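For reference, the chains in residue letters:
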Amino acid sequence: QVQLVESGGGLVQVGGSLRLSCAASGRTFSSSTMGWFRQAPGKEREFVATISWSGGRIYYADSVKGRFTISRDNAKNTGYLQMNSLKPEDTAVYYCAIGPPYGLGSSAPEEYDYWGQGTQVTVSS
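To start, this report covers the structure provided alongside it.

What counts and how
Residues numbered from 1 in each chain as written. Predicted model: local features only at pLDDT ≥ 70, side-chain atom pairs only at ≥ 80, totals over all residues. Heavy atoms only, no water. Phe/Tyr/Trp six-rings, centres within 6.5 Å; stacked < 30°, edge-to-face > 60°. Helix = DSSP H or I, 4+ residues; strand = E, 2+ residues; numbered from the N terminus. Buried < 20%, exposed > 50% of the residue type's maximum accessible area, 1.4 Å probe, protein only.

Moving on to the packing of aromatic side chains. In the structure shown here, the tally under the stated rule is five aromatic pairs. Here the aromatic rings of Phe37 and Tyr112 are separated by 5.2 Å at their centres, their planes lie at 80°, and the arrangement is edge-to-face. With Phe37 in strand 4 (residues 32-39) and Tyr112 in the loop between strand 9 (92-101) and strand 10 (114-115), this pair connects stretches of sequence that are 75 residues apart. Each member of the pair, Phe37 together with Tyr112, is buried. Ring geometry for Trp53 and Tyr102: centres 5.0 Å apart, planes at 80°, overall edge-to-face. Of this pair, Trp53 sits in the loop between strand 5 (46-51) and strand 6 (58-60) while Tyr102 sits in the loop between strand 9 and strand 10, and the two are 49 residues apart along the sequence. We classify Trp53 as partly exposed; its relative accessible area is 30%.

The following block contains the structure:
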């Protein structure tokens, strides 16, 4: 079964940076769309960013444009989310997910088949 292992979350101050990693196994990652989502307590899961299987197409939520960067290294079966200029509103559990084979990216959670366990990001003011 496909497994996604996330790391890199933690506590940072306003304006700080974090880099999240998503290590995948199961031979599915390199041919699949990857996405990052987040969820704060009492709120619905929110789209953050997505990247096509080959890395050529990228989409961001308006709330993170200019601050976050999604990337992937298919040779390492690993995806990344670089987060800069962090705000308290970014506090949430962040999840990586993989979706359609050879997909071009999607902001819809239902399009994704496998999810990581999540990693907590807390931004203190």
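Text resumes after the structure shown.
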